[in-house]
Structures are given as structure tokens and as C-alpha cells.
Amino acid sequence: MIVEDRGGREDPINSAEQEEDVSADAASSGAWLEDLLARRLIFVMGKGGVGKTTISIALANAASRLKKKVLLVELGDADSVGSFYDQTLAETPARLSHGIWGARVDARAELEAYVRAHIPSKFIAGKISRSRLFDYLFEAAPGLKEVMSLGRLWRWEQEGPRLPNASFDLMIVDAPATGHALSLLRLPDLLIKMIRVGPVANQLRAVQHLLKNHQKTAVVLVTLAEELPVNETVELYQMAEETLDMPAAAIFINCVYPDFFNRQDTRQILSLKTSFQNRPAAPEHRILACVVNLIRRQISQQKHIRKIHAKTNCHVHHMPYFFTNDMTLKEIEKLSLEIDRSVSNPSGNQL
Amino acid sequence: MTAISDAIRDPAGPEIIICCGSGGVGKTTISAAIGLHAAMAGKKTIVLTIDPARRLADALGLKPFATRIQRVPLENLNIAKNWVKPPGELSAMMLDPKSTFDQLVARYASPEFQKNIFKNRYYQHLSGNMAGSHEYMAMEKLYEIFNQGRYDLIVLDTPPSRRALDFLEAPQKMLNILGHNFFMKMFKPYLKAGKWGFRFLNIFASPVLKAVSKVVGKQALEDFSGFMQLWDDVMFEGFSRRAASVKALLAGNKTLFLAVATPQRLPLNEAVFLSEKLMANDMPFGGFIVNRVHFLNSEPDRLTIDPDRVFKETPVDPALKKKMITVYRNMRKLAQSDARSIDQLIEKIGSNIDIDVVQVPLSDREIVSLDDLYRLARLLEQKGA
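Residues numbered from 1 in each chain as written. Chains lettered and ligands numbered in written order. Predicted model: local features only at pLDDT ≥ 70, side-chain atom pairs only at ≥ 80, totals over all residues. Heavy atoms only, no water.

Description of the overall build of chain A
Along its length, chain A carries 13 helices and eight strands. Residue burial in chain A is summarised as follows: out of 351 residues, 58% are buried. Taking all contacts inside chain A whose residues are at least 6 apart in sequence as the whole, residues at least 24 apart take part in 74%. With an accessible surface of roughly 14,600 Å², chain A has 51% of that area assigned to carbon and sulfur atoms. (Helix = DSSP H or I, 4+ residues; strand = E, 2+ residues; numbered from the N terminus. Buried < 20%, exposed > 50% of the residue type's maximum accessible area, 1.4 Å probe, protein only. Contact = heavy atoms within 4.5 Å. Areas by Shrake-Rupley, 256 points an atom, 1.4 Å probe, with all protein chains shown as cover.)

Here's the deal with the pattern of salt bridges
A full pass over the atoms with the stated rule returns 16 salt bridges over all chains. A:Arg155 is the partner of A:Glu110 in a salt bridge, and the nearest nitrogen-oxygen pair spans 2.7 Å. Here A:Glu110 is found in helix 4 (residues 107–118), whereas its partner A:Arg155 is found in helix 7 (residues 144–159), with 45 residues between them in sequence. With a closest N to O distance of 3.2 Å, B:Asp372 and B:Arg375 form a salt bridge. One end of the pair is B:Asp372 and the other is B:Arg375, both in helix 15 (residues 370–379) and three residues apart, which spans about a single turn. You can call B:Asp372 buried: its relative accessible area is 5%. (Salt bridge = Lys/Arg side-chain N within 4 Å of Asp/Glu carboxyl O.)

Points about the nonpolar core
Membership of the largest hydrophobic core comes to 44 residues, with the highest contact counts inside it found for B:Ile34, B:Ile289 and B:Leu373. Looking at which element gives the most residues to this core, the answer is helix 2 (residues 27–40) of chain B, with eight residues. Contact partners of B:Ile34, with chain neighbours within four places excluded, come to B:Ile8, B:Ile17, B:Cys19, B:Val155, B:Leu258, B:Ile289 and B:Leu380. Residues A:Leu71, A:Leu210, A:Ile251 and A:Ile305 belong to the second largest nonpolar core, which totals 40 residues. (Core = buried A, V, L, I, M, F, W, Y, C linked by side-chain atoms within 4.5 Å.)

Here's the deal with the environment of A:Val105
All names here are of chain A. Position of Val105 relative to the elements: it lies in the loop between strand 4 (100–104) and helix 4. The exposure class of Val105 is buried, given its relative accessible area of 6%. Distance in space between the C-alpha atoms of Val105 and Thr92 is 8.7 Å, their sequence separation being 13 residues.

Quick notes on the sheet that holds strand 1 (residues 41–45) of chain A
All names here are of chain A. Read across the open sheet, the eight strands follow the order 3-4-2-5-1-6-7-8; overall the sheet is mixed. The outermost strands of the open sheet, each flanked by one partner alone, are strand 3 (94–97) and strand 8 (315–320). For this sheet, the mean inter-axis angle between neighbouring strands, taken without regard to orientation, is 25 degrees. Pairing between strand 1 and strand 6 (residues 217–224): five bridges, direction parallel. (Pairing = 2+ DSSP bridges. Axes fitted to C-alpha atoms, helices over the stretch in contact; angles between N-to-C directions.)

Some points on the sheet that holds strand 3 (residues 70–71) of chain B
Picture the strands of a sheet paired through backbone hydrogen bonds; they go either parallel or antiparallel. Residue and element names in this part refer to chain B. Reading across from one edge, 3-4-2-5-1-8-9-10 is the order of the eight strands in this open sheet, with mixed pairing throughout. If you trace the sheet from one side to the other, it starts and ends with strand 3 and strand 10 (356–361), each paired once. Note that strand 3 and strand 4 (residues 89–94) share two bridges and pair antiparallel. Bridge pairing in strand 4 links Arg71 to Ser91. The strands that helix 14 (residues 318–349) touches are strand 9 (285–293) and strand 10; relative to strand 9, the one it contacts most, it runs at about 175 degrees.

Describing the side chain of B:Asp338
Turning to its location among the elements, B:Asp338 is positioned in helix 14. Look at B:Asp338: it is buried, it has no salt bridge, and the nearest opposite charge is B:Arg340 at 8.3 Å. From its side chain, B:Asp338 meets the backbone nitrogen of B:His294 in a polar contact 2.7 Å long. When neighbours within four sequence positions are excluded, B:Asp338 is seen to be in contact with A:Asn325, B:Pro263, B:Arg292, B:Val293 and B:His294. (Lys, Arg positive; Asp, Glu negative; His and termini not counted. Polar contact = N/O pair within 3.5 Å; in protein donor to acceptor, adjacent residues only side chain to side chain.)

Here we look at the environment of B:Val272
With respect to the helices and strands, B:Val272 occurs in helix 12 (residues 265–280). A C-alpha to C-alpha distance of 8.6 Å links B:Val272 and B:Ile349, two positions 77 residues apart in sequence.

Some points on unusual backbone geometry
In this structure, A:Phe323 takes a positive phi of about 50 degrees despite not being glycine. In this model, B:Phe311 sits at a positive phi of 55 degrees, which is unusual for a non-glycine residue. As for its placement among the helices and strands, B:Phe311 is situated in the loop between helix 13 (300–303) and helix 14. On the accessibility criterion, B:Phe311 (6% relative accessible area) is buried.

Things to note about the pairing of strand 7 (residues 248–256) of chain A
Along any regular strand, the residues point their side chains to alternate faces of the sheet. All names here are of chain A. With eight of nine residues buried, strand 7 is to be regarded as a mostly interior element. Following the backbone out of strand 6, through helix 10 (residues 227–242) and into the adjacent parallel strand 7, one traces a crossover that is right-handed. The pairing of strand 7 with strand 8 spans five bridges and is parallel. Its bridge partner being in strand 8, Ala250 is matched across the sheet by His315. (Right-handed = clockwise from strand over helix to strand, strands pointing away.)

Here's the deal with the packing of helix 4 of chain A against helix 5 (residues 122–130) of chain A
All names here are of chain A. Between helix 4 and helix 5, whose axes approach to 9 Å, the crossing angle comes to 155 degrees. In this view, helix 4 runs roughly antiparallel relative to helix 5, as classed from their interaxial angle. The two elements helix 4 and helix 5 meet at a crossing, and its hand is right-handed. Together, Arg108, Glu112, Val115 and Arg116 of helix 4 and Ala125, Ile128 and Ser129 of helix 5 make up the contact between the two elements. Counted by class, the contact of helix 4 with helix 5 contains three nonpolar, one polar and three charged residues. (Parallel < 35°, antiparallel > 145°, perpendicular 65-115°, else oblique. Left-handed = near helix turned anticlockwise from the far one by under 90°. Nonpolar A, V, L, I, M, F, W, Y, C, P; charged D, E, K, R; others polar.)

A word on the side chain of A:Arg286
Counting through the fold element by element, A:Arg286 comes out in helix 12 (residues 283–311). A polar contact of 3.2 Å, which involves the side chain of A:Arg286, links it to the side chain of B:Tyr328.

Quick word on helix 7 (residues 133–148) of chain B
Residues and elements named next belong to chain B. Here helix 7 spans 23 Å end to end across 16 residues, near enough to the 22 Å set by a 1.5 Å rise per residue. By the criterion of burial, helix 7 is predominantly enclosed, with 13 of the 16 residues buried. Of the residues trailing helix 7, Gly149 is marked for its positive phi of about 65 degrees. (Expected span 1.5 Å × (residues − 1).)

Written out as C-alpha cells, the structure is:
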């Protein structure tokens, strides 16, 4: 069922003032992508349900085409990356496909390893890890889990090149939804003020150093061309720059409807629709309803896309909608070619 | 009529409806529609929501950033022209975890305690940022409003999270921290009372404690224990009593859980997982609302078209016709995929007739007015269009 036309309100599809479509950044050649993939650590952030995992995997594909060895990292309890590869990711990096590895940070295992590393006595270290106090601290101490997760990323960055099996050129972190991701990345600043001395404080300083190193670390924002995700993206963009000192390197707008119809087409479609108005059983009626529905949603998308372009100042990439509910790896591979596409074809986002 | 719609409208139906689901499925909008649906059936209803879209807030007539209860002007509806007075009443409230937490402390604690705890850095972290605090505070507010007894129905829109289940588990985690006096039992021998909070005096008396302080830092441990001491003495009683009541309320027959999802694999799986978890814990689960369905309820055969036979009598530019057919086929593909997902969902539910599945079609327009929301609310009555 297509929701039918409603009276009483101006319909943007009828207005001749339909604004020009915004196309992806035409000016940027491939420099932004090379620049992005030359880093060591990329945080992929955005609201729940906008396709962070899809973009993370697509970026990994793009990097592996540049002969880079990539580690896809899942933070937190969800295992979205693993579910695409039919694998359960664990702390030890596992090979997912050519040049792409995956791992899930287990904060508790990290903390145990941390205790072992800092407590000389094996006996006491073991006793701590098994004690209820440990469970308690793990749940209650603000940010302890998060610090451990960040510490893991830092160590991968440090050790990476030296591990025979896992010399990762690039880590792509599929971050938790915005709120949690923000508190995660703000944590080092916050805790350094609170803790000041001791091994955790030292660890935090190292992590902070890595996060704020713009040559090594980048934030990538993912959004849909809808109201809430766009607002959140604009906010996140400002916070990344001002509060986190981790400026966004690129914004990916997911599921953008391809430009099927120009303005002349739209006019003709509307007049056709009128002529089939009284024939609801005709297949043409269904086709036209469908087409008009798409054009409407495209107009709405363009409005939100314009807002992103107006309020941010980094590379904005439009990812085409594939008209599928669940992206498979094959489709993500195709999607990842769209990331490259702007390199060879700067005119952008057309299918 | 659907069982979900009946439950929403029934004067003897649930007094609390909790909408769960993973992020980005339209939970807030559905919650608002449920609230409106109940109000139109004559109930006094309130919707508790976290962060509505600007447009939805506008549609409801809510002022931004206000955390008080606001009345939704039902008289602005088009159909209100025929009313003498509105059938029911709809209010909405935007939840702010930090201020709810502060209010809660204010309820149980002396002014002096409040002053100190609000300054404590651990408290600030706990009330503002900590995973689980949003979920816990949503439950608190729900309980408070329920006990005031001013509404026939409270609709709770759960906080956005990646996993739908977080909402159920987070409060328990939070309580393990706040309601547990374990920490004090463990530490009391080593503490000495300071002016506000405690100082570790005999920290080196316990090798375990010494080791822990070596890892997290002595100062951090002291700040933390200061917070726990304040908390333990003043708040412990109030908190754990409330927690038990909230839990009982949620598991009782006054509550109904609904899972909101879209036809995609991940949100649907989350919703199914949630329903299983709820039922395994004897929580009242009412059904699924599948949002944003393409071509709701169309017969797949009816959707097939023959390109050679359409637009025969109407002259259309062949290139345009081709593009239109491409779009149509793409949409049909989505419709078929949606239908498959929903069939699988229905199959999974099997013979459990108490579980309803309501489908809401994907609209091509955003909800920008109360009338739009009313139209959506009416769709809850239909299994499919």
C-alpha cells in the first residue's frame, strides 16, 4: 500500500521551486580517500540503524584494494561485523576475507590482562581477578571498561606491525551508537583529570595521544538522509571537532536514492498520474504511485542532504540505495566501489 | 481490528505500554501514535519519550528542552471540528536522565548530602554518562508517574540503543552497583571517616586492595569509596525498595511490552530475541509492530507487470517508461523482501495466538502534524492495509 495523497498541505512535488539536487562533493578528487585510509585508526560513528557496520566493511574493502591489511574492530556487546561474515568475532583477530581481519574487544579479558601485567605476584593477580571486588569494580568504576577497550586499540596500534600474523595497516572501529561512542572517546580527557597518577593514568595518556593524533586517527560519520540522523550528525560533527579534538574526516550519507528522474520527467509523471487517477486497478496506476512515492522521498532526502552540506565542512560522500533490505557482503563490495568511484568519476553519486 | 489496537483502546487494558526495539526503527513515532490512539479511545494518556525528532515534537506541540509534562492539543486535529470536547487526553514528557537522577537524590537525601553528592565526580559520571543510567531513570520516572495514578495509560518509549535488550538488562546492572552494599562490607575495615566521604587509611593492610589501588590509582579508589559511603548510608534503602517495586510492576499484569522493528534482518532478530527473553522471564509481551513496510499486504502476483502492456494507450517517452519500470521493480523487490521477513516472523511465533503482528506501511512523508500522527495511529487497527 502506498500512503495516498493528502489534502490541506502544500505538496513539495508540485512546487516548481524544487531545488537543485545536491551531488556529492565534485571538487574532491581521490585525495580525501587516500588521506583517510593512510591513517592507522578510524572510528565509524553514527546513530543506531544508519548502517555503520556496512560502511565499516565497505571502507575495509576499499582499503584492502589498496593492499592494506585491515582489522575491523567491534566494540561492545553487539557483533554486527561478525554476523555479516557468519562468524563470531573474538578478542584474537580472525581472518574474514582477503586482507580483512576482525576482532571484538572483550573489556573484561583486557582488565584481567592488565592486572596481570601490573601486579608482580601471580598469586595476588589471580586472586584479584577471581574476587568479587573485581566483578564489582568492573561494573561500577566509571569508565574502567571503556578505558580497557581503548587500551586494547592502542596496543594493537603499537604492537600491530611487530606481530608476525597481524601487522595491520589500518584498524576500523565499528563504534557503538552515538551517545555511547561519545562518552567512550571523551573518557581519556575526563579520567586523566580524575586519576592523574598510576598505571591507568599513564595508559590513558598514551591512548589520548593516539586519539588526538590527526595523522593517525580519524572519525568518520555515517548518517541517513532523514531528520534525526542528520541532526545528530551535525551535532556530532561539531563535538568531534570542538570537544574531542578528533575532527571528522568524512561523512557518509547512506541509502541515497539514485537520480532517476529530472524535472521534466517529474512533470510528465505527475500529469500521467492524473490521467490514471480514476483507474486504480490499472497496473500503470501502481507504477505511477510507486514512482511518485520515490520522488517524494527523494525530495525529502535532498532537503536533509543540503543541511549536511551547509553545516559541515568535510568530505561528504553519497552512498546509493541498493533497494535491498539486508546488504550482503557481495552488495557491500559493490557499495565499496562507490567509495572509489568519486576518484575516477568526480561527478559522483549516479548509479 | 488488531489485538494490539484493542489492548491500547480497552478501558480495562494495560496501564503501561513499553515500546522496545533497536535504534532507528521509529520507536518514538510509534509510541506517540499509540498514545494518540489511546487518547482517541477516551483514555487519559501520557507518552514518556527520550529525544523526539524536532518535527515530531512540533507535531505534538511540545516545547523543546522542557522536561515537565506538556499537554498535546488534540483540538488541533482536523476531526476535532465535530467535537464538543476531546474524547480523551494526551500528554507527553521528555525524559532527562540527569535531572531525574537528581530529583531522586533530592527525594531521599538531606540538603547537605545533596550538595556533596552533586559535586562528586563519580555521581556526575553515573547520572550523566554511565551505560544504563538512561534506562534506569526511564524506569524510575515510569514508576513515579504510575504511582501518581493520574493516567489511564502510560506509554514508555525506551532509550535508543544498539540492542533492544539493553533496556531490560541495564537497570539490573545499575542496581548491582547502587543497591549493593557489598562494596562497603568489603572496604569498611580499611576506611576512616573523613569530613565528607572516607579515606583509605589502612590500604596497605590488604594485599588485594593494595594491588587494586596500584592499577586504578589510589586517588580514584578514594573518590569512589567516598561516593559509595555517601550513597550507602543515605540512599541504599530507598533505592533497593524502589527497584523491587519497579521490577514487580513491569512483570505484573498492568504492563504490556511491544517490540517495534523494521523488516530488516538485524532489527527483526533483535525484536524476536527480545520477545523470547521477555516471555522466558514471564514478562507480559503483546506483540510486534513492524514499521516501514513496502507495499503492505499486496498479493505478489498482483505486483507483476508486463512492460509491453503498460502505457500502451498513453504516449510516454520510452526512456522515461523504462526508468519508471526500473523503479517499480526495485520497489517490488523490497516489498517481496519485506513480505518474506514478516512471513518468517509469523512462522517463528508459531501457534502463540496471544502475540500479534501489526504492520505499518512506509510513508513517503514525515510526520509533521498531529493529523499525520492520527493517520498513523489509525493504521495500528489494521493487520495490514
